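# Summary of structural features
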Amino acid sequence: MEKIYYTTSETAKLIKAELKATFPGYKFSVTKPHYGTISIECASEIRSQVEAIAQNYECGSFDGMTDSMSYSNKIVDGVEINYSTNFIFVNMYGNNHAEKAVA
């Protein structure tokens with residue numbers, strides 16, 4: 001099986017491209033604040049849809065019962081992909097930020 005490895009920065013770019021294609025007219029902030037972590041800011045009315053897209057790129061999960069991390073690659077069209085992201089956080093823009101881009 002073919003394997004592909006993306007860095008966290010490359011994964012952030014992939015996410016931003018998918019969000020722009022899925023939600024034209026909206027602005028997004030997609031940043032990498034820490035190793036293995038991506039932060040997304042978006043408009044409140046599309047937050048749940050953005051979270052669903054972001055979940056496709058998250059490869060790590062934390063188990064609070066055992067205080068441990070687990071990692072799993074994604075299988076897409078028969079290709080194993082490691083997006084190197086432990087956590088993806090989706091937040092809404094602050095009250096002072098324009099939520100929808102002006103055409």
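Not measured: the values here are computed from a predicted model.

## Quick look at the sheet that holds strand E2 (residues 29-34)
With mixed pairing, the three strands of this open sheet are ordered in space as E2-E3-E8. This sheet does not close on itself; its edge strands, each paired only once, are E2 and strand E8 (87-92). In this sheet, adjacent strand axes meet at a mean angle of 25° when their direction is disregarded. In this sheet, E8 lies alongside strand E3 (residues 37-42) in parallel orientation, the contact comprising six bridges. Residue pairing in the sheet places Ile 38 in a bridge with Ile 88 of E8. In this fold helix H1 (residues 8-22) packs onto E2, E3 and E8, with an angle of close to 25° to the strand it touches most, E3. Running at roughly 170° to E8, helix H2 (residues 47-55) makes contact with E3 and E8 of the sheet.

## Let's talk about the confidence of the model for the protein
Of the residues in the protein, 90% have a pLDDT of 70 or more, and the chain-wide mean is 87. By mean pLDDT, strand E4 (residues 60-63) is the weakest element of the protein at 83, and H1 is the strongest at 96. Counting interchain partners and residues more than four positions distant, the pLDDT-below-50 stretch residues 95-103 has 12 contacts.

## Re the sheet that holds strand E1 (residues 3-5)
Spatial ordering of the open sheet is given by E1-E7-E6, a layout of three strands whose pairing is mixed. Of all strands in the sheet, those bounded by a partner on one side alone are E1 and strand E6 (74-76). Across this sheet, the average inter-strand angle for adjacent strands is 30°, counted without regard to direction. Inspection of the sheet shows E6 paired to strand E7 (residues 79-82) by three bridges, in the antiparallel sense. Pairing of Ile 75 across the sheet is with Glu 80, part of E7.

Cut-offs used in this document
- Counting restarts for each chain: residues are numbered from 1 in the order of the written sequence.
- Only residues with pLDDT of at least 70 get local features here, since the model is predicted, and only at 80 or more are side-chain atom pairs given and counted; chain-wide, interface and lining totals rely on the full set of residues.
- The side-chain quantities take in all heavy atoms of the structure and omit both hydrogens and water.
- DSSP calls a pair of strands paired once it identifies at least 2 bridges connecting them.
- Helix and strand assignments come from DSSP, with helices taken as H or I runs of at least 4 residues and strands as E runs of at least 2, each series counted from the N terminus.
- Structural elements are reduced to axes, namely lines fitted to C-alpha atoms, with helices fitted over the stretch in contact, and the angle between N-to-C directions of any two is expressed from 0 to 180 degrees.
- In this analysis, two residues are considered to be in contact whenever any of their non-hydrogen atoms come within 4.5 Å of each other.
- As a per-residue quantity, pLDDT reports the predictor's confidence and falls between 0 and 100.

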